[in-house]
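Understanding the architecture of this molecule
Residues per chain, in single letters:
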Amino acid sequence: MHSTRRLNHIALILLSLVALLSIACDGSKPEADRPVQLALNWFPEAEHGGYYAAQVHGDYSRSGVEIEILGGGPDAPVVKRVASGEVEFGLTNADGVITARAAGAPVVAVFAPYQINPRCIVVHEHSGIQQISDIENLTLALSQRPAFSHYLRHRYSFPGVTIVPYHGSVAPFVDDPAYAVQGYVFSEPVLARRLGATPRALLVAETGFNPYASVLITSEARLASEPQIVAAVVTAAQRGWIRYLEDSHRTNQHIHSLNPEMDVEILEIGAEMSRELVLVGEGMPITQIGDMSLDRWQLLIEQMEQAQIVKPGQVSAPTCFTTTYLPISGASGGGS
Amino acid sequence: MNQKNHGRGAEDLRHWCGLTLPPLLTLGIVVAGWQMLVDLLGLQPYILPGPVHVSEAIATNLDSLIRAVSLTAQAAIAGFLLSFVAGFFIAVLFSQSAWVERSLYPYAIFLQTVPIVAVAPLIVMWIGHGLGGIIAVSFIISLFPIIANTTAGLTSISPPLDDLFALHDASRWQRLWKLQVPHAVPDMLTGARISCGLSVIGAIVGEFFTGYGTTDFGLGYLIIQTNAMTKTPYLFACVLFSTGLGLLFFGVVSTLNRLILRRWAAAR
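Residues numbered from 1 in each chain as written. Chains lettered and ligands numbered in written order. Predicted model: local features only at pLDDT ≥ 70, side-chain atom pairs only at ≥ 80, totals over all residues.

**Looking at the overall build of chain B**
Put simply, the rule reads: For helices the rule is a DSSP run of H or I covering at least 4 residues; for strands it is a run of E covering at least 2, with both sets numbered from the N terminus onward. As a rule, residues whose C-beta atom has 12 or fewer other C-beta atoms within 10 Å are exposed, those with 20 or more are buried, and those in between are partly exposed; C-beta atoms are placed from the backbone.
Along the backbone of chain B there are 10 helices and 0 strands. Listed N to C, the secondary structure of chain B is α-α-α-α-α-α-α-α-α-α in terms of helices and strands. By its C-alpha atoms, chain B is 70 × 65 × 30 Å across when sized along the principal axes. Burial statistics for chain B: of 268 residues in total, 37% are counted as buried.

**Some words on unusual backbone geometry**
In this structure, Ser 214 of chain A takes a positive phi of about 50° despite not being glycine. Residue placement: Ser 214 of chain A occurs in the loop between β9 (199-203) and β10 (215-219). The backbone of Thr 230 of chain B sits at a positive phi, close to 55°, despite the residue not being glycine. Turning to its location among the elements, Thr 230 of chain B is positioned in the loop between α9 (219-228) and α10 (232-267). Accessibility expressed as a C-beta count within 10 Å gives 26 for Thr 230 of chain B, which makes it buried.

**Some points on the nonpolar core**
Our working rule: For this entry, the nonpolar core is defined as buried Ala, Val, Leu, Ile, Met, Phe, Trp, Tyr and Cys residues connected by C-beta atoms within 7 Å. Where each domain begins and ends is defined by an automated method or by a domain database. For the purpose of contact definition, each residue receives a C-beta atom placed from its backbone, and two residues are in contact when these atoms lie within 7 Å.
Counting residues in each nonpolar core, the largest one holds 106 residues, and the members touching the most others are Ile 98, Ala 109, Val 215, Ile 217, Val 233 and Val 234 of chain A. Three or more residues apiece are contributed to this core by two domains, here domain 1 (34-116 + 211-329) and domain 2 (119-207) of chain A. Residues within four places of Val 215 of chain A in sequence aside, it is in contact with Leu 91, Thr 92, Asn 93, Ala 94, Val 97, Ala 109, Phe 111 and Ala 112 of chain A. Counting 58 residues, the second largest nonpolar core, distinct from the first, contains Phe 84, Ala 91, Ala 120 and Ile 147 of chain B.

**Comments concerning the domain arrangement of chain B**
Residue and element names in this part refer to chain B. Note the threshold: Classes in brief: Ala, Val, Leu, Ile, Met, Phe, Trp, Tyr, Cys and Pro nonpolar; Asp, Glu, Lys and Arg charged; the others, Gly included, polar.
Partitioning chain B into domains gives domain 1 (1-42) and domain 2 (47-267). Across the contact, 4 residues belong to domain 1 and 4 residues belong to domain 2. In terms of residue class, the side of domain 1 that touches domain 2 is built from 3 nonpolar, 1 polar and no charged.

**A look at the interface of chain B and chain A**
If you look at the interface, chain B gives 19 residues, while chain A gives 17 residues. Among the elements that make up the side of chain B that touches chain A, the one with the highest residue count is α9 of chain B (5 residues). Here the residues of the side of chain B that touches chain A are counted per class, giving 9 nonpolar, 9 polar and 1 charged.

**Some remarks on the sheet that holds strand β1 (residues 34-39) of chain A**
Residue and element names in this part refer to chain A. Convention followed: Pairing between strands is defined by DSSP: at least two bridges between them are needed. To obtain each axis, a line is fitted to C-alpha atoms, and for helices this fit is confined to the stretch in contact; angles are then taken between N-to-C directions over 0 to 180 degrees.
Read from one edge to the other, the open sheet built from 5 strands follows the order β2-β1-β3-β10-β4, with strand pairing classed as mixed. Across the chains shown, the open sheet's two edge strands, defined by having one partner strand only, are β2 (65-70) and β4 (107-111). The sheet shows a mean angle of 35° between the axes of neighbouring strands, direction not considered.

**Looking at the sheet that holds β9 of chain A**
All names here are of chain A. Spatially, β7-β6-β8-β5-β9 is the arrangement adopted by the 5 strands of the open sheet, whose pairing is mixed. Unpaired on one side and paired on the other, β7 (162-164) and β9 mark the two borders of the sheet. The average angle at which neighbouring strand axes cross in this sheet is 30°, direction not considered. Sheet analysis places strand β6 (residues 139-141) next to strand β8 (residues 179-184), joined by 3 bridges and oriented parallel. Note that in β8 the partner of Ala 141 across the bridge is Val 181.

**Digging into helix α6 (residues 147-155) of chain A**
Among the residues of α6 of chain A, Ala 147, Phe 148, Ser 149, Tyr 151 and Leu 152 of chain A are the ones counted as buried. The secondary structure elements touched by the buried residues of α6 of chain A are α5 (94-102), β5 (119-124), β8 and α13 (294-306) of chain A.

**Section: the environment of Pro 177 of chain A**
Residue and element names in this part refer to chain A. As for its placement among the helices and strands, Pro 177 is situated in the loop between α7 (171-175) and β8. We classify Pro 177 as exposed; it has 11 C-beta atoms within 10 Å. For the pair formed by Pro 177 and Thr 139, sequence separation is 38 residues and the distance between their alpha carbons is 9.5 Å.

**Brief notes about the pairing of β1 of chain A**
Regular strands place their side chains on alternate faces of the sheet. Residue and element names in this part refer to chain A. Bridge count between β1 and β2: 6 bridges; the pairing is parallel. The residue bridging Val 36 from the neighbouring strand is Ile 67, located in β2. Here 2 bridges tie β1 to strand β3 (residues 89-92), and the two strands are oriented parallel to one another. When the sheet's bridge partners are listed, Ala 39 is paired in β3 with Gly 90.

**Regarding the packing of helix α3 (residues 62-96) of chain B against α9 of chain B**
All names here are of chain B. Counted only if it meets this: Orientation labels follow simple angle bins: below 35 degrees gives roughly parallel, above 145 gives roughly antiparallel, 65 to 115 gives roughly perpendicular, and whatever is left gives oblique.
Two elements in contact, α3 and α9, have axes separated by 8 Å at closest approach and are oriented at 130°. Put simply, α3 runs oblique to α9. On α9, the residues that touch Ala 68, Val 69 and Thr 72 of α3 are Leu 219, Gly 220 and Leu 222. Class assignment of the residues belonging to the contact of α3 with α9 gives a composition of 4 nonpolar, 2 polar and no charged.

**Points about the environment of Ala 236 of chain A**
All names here are of chain A. Along the chain, the position of Ala 236 falls in helix α10 (residues 227-246). Judged by C-beta crowding, with 27 C-beta atoms within 10 Å, Ala 236 ranks as buried. Beyond its immediate chain neighbours, meaning those up to four positions away, Ala 236 contacts Ala 54, Asp 59, Tyr 60 and Ser 63.

**Describing the domain arrangement of chain A**
Residues and elements named next belong to chain A. We note that the domain assignment places domain 1 (34-116 + 211-329) and domain 2 (119-207) within chain A. For domain 1 versus domain 2, the separation of C-alpha centres amounts to 25 Å. Between domain 1 and domain 2, the contact holds 16 residues from the first and 10 residues from the second. Of all elements in the fold, only α5, α12 (264-279) and α13 reach the threshold of two or more residues within the side of domain 1 that touches domain 2. The biggest single contributor to the side of domain 1 that touches domain 2 is α12, with 5 residues. Residue classes in the side of domain 1 that touches domain 2 are distributed as 8 nonpolar, 6 polar and 2 charged.

Now the structure itself:
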C-alpha cells in the first residue's frame, strides 16, 4: 500500500512536469506573432488592396506579426490614433502626414504604394472640359476635408463655379449635366458610368499636386521602440501590393465581404487601374513599390504652404518619411 | 427721494452681480480645471488642447471665426423665427380639431426624429445649396418643441374658464384669441427657449449637408475642415463659438421671456 502511494506521487510529479514542458514549448512557434492594428482611412476599397492581399495570403504572419485591419470612413481619426499610440499603423495620404506634423502629431510615413494620386475631378464628356484649369460655370462637389480641394481652389479661379459639399454619391452628378464631382479615378467614374452617364476623369496629379496615396504611417515612438515590427509590416505590405497588382481576385472577394457596397467587378477595375498608379507604367521595378523621394515631399510642403493649408516653416520634409524599412534598402532583416 | 434712488441703484447692482458673477466664477473654475487636466495627463494639443492653445487659435483665426459665426447666426435666427411662426399656426390648427391633431401629430414627431442626412438630398433638390437650404434644416430641427409646447398651452384650459366663455356665448375665434392664445404664452416661450439652442445646432448641421457657395462658410464648414486637418485647437475654438452663439440666443430669448411674463403676471 505504502509503495503504491509513493509511485502515484512520482507519476503525478512526472505528469505535471510533462504538462509544464509542453506548455512552455508551444508547438512549432517559439513565440506568438506580435498583434498589430492598422487603421484604414476609408471603408475597405481597392486603394487598400495590397494591405488586404498581404493579410489574405499570410504575408504578415510570415513576417511575424498578426495584423488586424480596422475599417475607416469619413472623418476616421487615423492620425490621432497612430500618433497617440492607440494603434500601431494607419493609412493616410501624404498631405495628411504634413497637416498632422504641422499640428504637432509625430507621425512618419514608411511606405507609399501610390506614386500617382488617384484623386480626380469627374466631368461630363459633353462638357468639353479637358483639364481641371478649364472648369467653369457648373456646380462642383468638393469636400473641404482633404488638402487637394484647398490647393485647387487656391490655384484656379473656377469662374462661375458653385462649390457644394460632397457626400460620396455620384447621383447628383448623373442627374445634372452642369455638375462635376471629386472622386478616385477607379471609383466615381465607374459608378457614374453604371448609372448611364458618360464621365471623364481629370486626374488632379496632372495639375502638379500629387501627394503619395494610401501611405502607411506609424508614430515616431514606434520607430524608436519597435523598428523590427515596422520592418515586418512594410515588408509584408510590399509583398501584398505585388500580389494585388498581379492577381487581385481572392483579395477582392475578401474586401467585398467587408464592404458589400463595392462589388468584385468594381474592385477588379480598381486593381487594374492601380497598376498604372503604383508602377507608373511599368517604369518601376516591383521591388521599389512603396518608395518615396525627398523632392516630392519637399514640393508637396511648398504647395501646401502656398495654398495656406500649413504655415511656412511648420514642417520639414526629411521628418515626414523614411525609406529605411523598405526591403530594397536592406536595413530590414531577411525573412521568407 | 435721494435715499430711494441710492437704494434702487444698490439693489440693481446686487441683482446684476447675482446674475453674472456665479456663471463667471464657474467659468473660471472650469477653465482652470481644464488646463490642470491637460497638464496632469500630459495631453497633446492635437488630442485635447488646453485653454492656452485654444485662445491662440482664436486670436490667429479671429476674422474667419467671426465671419463664420455671423453666417451661422443668420441662418439660425431665420430658422428659429420661421419655426416659431409656423409652429404657432400649426399648433393653432391642432388646437381647433382633435381629429386634425391626431392625424398630423405623428408627422410633427417625424420631423423631430428624422435624421437630417436622409432629408438633406430632398432639401437640396427643392431649395438648393446655400443659405436657403441651411435655414430649412435649422427650421426642421427647431420646429417640434414649438408645436408641442404651444399645442399643450392652447389645449390645457381649465374647465371653469372654458365654462365662463361658453356662458358668454363666445365664438370659436373669440375663444381662440382671448382665452387659448393668452393662456398658451408661457408654454410658447418655453418652446422658444428649447428651440433657440436647437436652431444653432440646425444651422451647423445644415451646413454639413447643404453647404455654402464658393467663398462663404459658417461654423459647420469650419468644424469639418479643422477636424480633418488635425487643427484641433481651431476645432475647439469653433465649438466654443457655436456654444457662445447658442448661449447668446438663449440669453436673448430668456430676457424676452422675463419681460413678457412680467407684464403677464402683473396683468393677472
